[in-house]
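# Structural features, examined
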Amino acid sequence: MTHPPVHPIALAWRSPYPAAERQIYLNIGSRGIISTAAKAAAERMIEGHWLANMSKAERVPMKQGCREKFARLIRAAGPEEVAILKNVSEGINHVATAIDWRDGDNVVLTPELEHGNNIYAWMALRAKGVELREIDHVGGHIDPARMIAAIDDRTRLVTAASVTFTPGFRTDLAAIGRAARAVDAFFMIDAVQSCGILDLNVDEVMADGVAVSTSKGLLGVMGLGFLYVRTDWLDRLHPAFVARHSIHSTGHESEYEGADFDYAPDATRFEIGNYNWTGIAVSDVALGELLDIGVPIIERHALGLADTLRDGLQGLGLTVATTKDPDRRSHLVTVGEMGAGDTYTTGDERLNQIAAALTEGDVKFTIRRGMLRFGFHLYNDMTDVSQVLEIIRSA
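A brief report on the enclosed structure follows. (Residues numbered from 1 in each chain as written. Predicted model: local features only at pLDDT ≥ 70, side-chain atom pairs only at ≥ 80, totals over all residues. Heavy atoms only, no water.)

## Description of the packing of helix H4 (residues 56–73) against helix H10 (residues 277–293)
As a reminder of what qualifies: Inter-axis angles, ranging from 0 to 180 degrees, are taken between N-to-C directions of lines fitted to C-alpha atoms, where helices are fitted over the stretch in contact. A run of DSSP states H or I qualifies as a helix once it reaches four residues; a run of E qualifies as a strand once it reaches two. Both are numbered from the N-terminal end. Any angle from 65 to 115 degrees is called roughly perpendicular, while one under 35 is roughly parallel, one over 145 is roughly antiparallel, and all others are oblique. Should the near helix be turned counterclockwise from the far one by less than a right angle, the crossing is left-handed, whereas a clockwise turn marks it as right-handed. For this analysis, residues touch if any pair of their heavy atoms sits within 4.5 Å. Charged residues are taken to be Asp, Glu, Lys and Arg, nonpolar residues to be Ala, Val, Leu, Ile, Met, Phe, Trp, Tyr, Cys and Pro, and polar residues to be all remaining types, Gly included.
One can describe the packing of H4 onto H10 by two numbers: an axis separation of 8 Å at closest approach and a directional angle of 40°. In terms of orientation, H4 lies oblique with respect to H10. The element H4 and its partner H10 pack so that their crossing is left-handed. Here Arg59, Val60, Met62, Lys63, Gly65, Cys66, Lys69, Phe70, Arg72 and Leu73 of H4 lie close against H10, whose contacting residues are Trp277, Ile280, Ala281, Ser283, Asp284, Leu287, Gly288, Leu290 and Leu291. Partitioned by chemical class, the residues of the contact of H4 with H10 number 11 nonpolar, three polar and five charged.

Printed below as a string of structure tokens:
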């Protein structure tokens, strides 16, 4: 197999991330790391609270910068389609509670390959008479054909992960999005495992909603996330929660302007209460760094490293989750049999011995659903791959 080359300036990308130089950091599937510049932005925000010397004029442009940069990252029509929230869970629940559900409506998803946060919000709708159409996966893939076959004129929402957290395959989002659009169903994407690493164009995949956290591929911190909602859907969604930021207003945010109100005309209608300003300070910098490099370039770099590791692991006789379709591969590499084990151990004693050796070698990775999981981002390079393979070979 011919692998995409590692980008020649990868070393320049690595140096702003000290955590990647002090260990072999392959744990992007659980948590990203932040750059030195992002850390400085967080420290300035904390200092502003500590010394009470940060004005709104310094703080607010960071919020607007985050909104605008995330919109550019996913090719949204504009920042008016982006809400600043806490995490994926909040974004998904905002959509789940904003649709005018009717008895007999249905939701289509593949629960075996979704994170629990993209399952329970839809399960809760059963109390409203909504049917969950649970589609079986095919070989660890969210299968577009089976998803599409389940969609009908009572389907109100279809949801899928852009990349499953295990076994880490990419989903053919565009095929599912076209089918959902054909029946006017809302297409909701959980993009937390891919955003910032793999390129996403919301128009090309016909997304109506995208929920992310900044704590993984967006190289931010926990407690901040974004929700994209396509403009055509904004006035069709009626938020279950209302606060000062979420209504159309002309006055100061502390003022009460009367009993009659309209929701904000843009995605800020989903923003409740004050913001995670430290997270915003970090993400304003981090999103700028991702845009400066370009996610398509980051994607080629990460996929090249992941393919090299897959080949090396297979060469050592290990069972690696893979697919013949290169478009379904991602930056995540998983080893073992899905479901044979849990979040701490695998069902294969040899893999448990390998996991112990990797931990001893200061490799940051995870075990999910009984599989060893490794993940790549812009700060990784070929030395990470070679050192992991050497540790495993020795083990």
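Additional details are given in the paragraphs that follow.
## A look at the layout of surface pockets
Quick reminder of the rule: Points on a 1 Å grid over protein atoms alone make up a cavity when a 1.4 Å probe fits among them but cannot get out, and a pocket when they form an open set with protein on both sides within 12 Å along at least five of seven lines; lining residues each have an atom within 4 Å of a point. Grid points are joined across faces, edges and corners, and a volume is the space filled by probe spheres set on the points.
Of the volumes computed, that of the largest pocket is approximately 530 Å³. Lining the largest pocket are 25 residues, and of these Lys63, Arg244, His245, Glu253 and Tyr275 lie nearest its centre. Counting residues per element, the lining of the largest pocket draws most heavily on H4, which supplies six residues. For the lining of the largest pocket, a count of residues per class yields eight nonpolar, eight polar and nine charged.

## A look at the sheet that holds strand E5 (residues 155–161)
Under the convention used in this document: In this scheme, strands are said to pair when DSSP sees at least two bridges between them.
With mixed pairing, seven strands are arranged side by side in an open sheet as E2-E8-E7-E6-E5-E3-E4. At either end of the open sheet lies a strand with only one pairing partner, and these are strand E2 (82–85) and strand E4 (131–134). Averaged over neighbouring strand pairs, the angle between their axes works out to 20° when direction is ignored. Inspection of the sheet shows strand E3 (residues 106–109) paired to E4 by four bridges, in the parallel sense. Within E4, the residue paired with Val107 across the bridge is Leu132. Seen against the sheet, H4 touches E2, strand E7 (209–213) and strand E8 (225–229) and runs at an angle of roughly 125° to E2.

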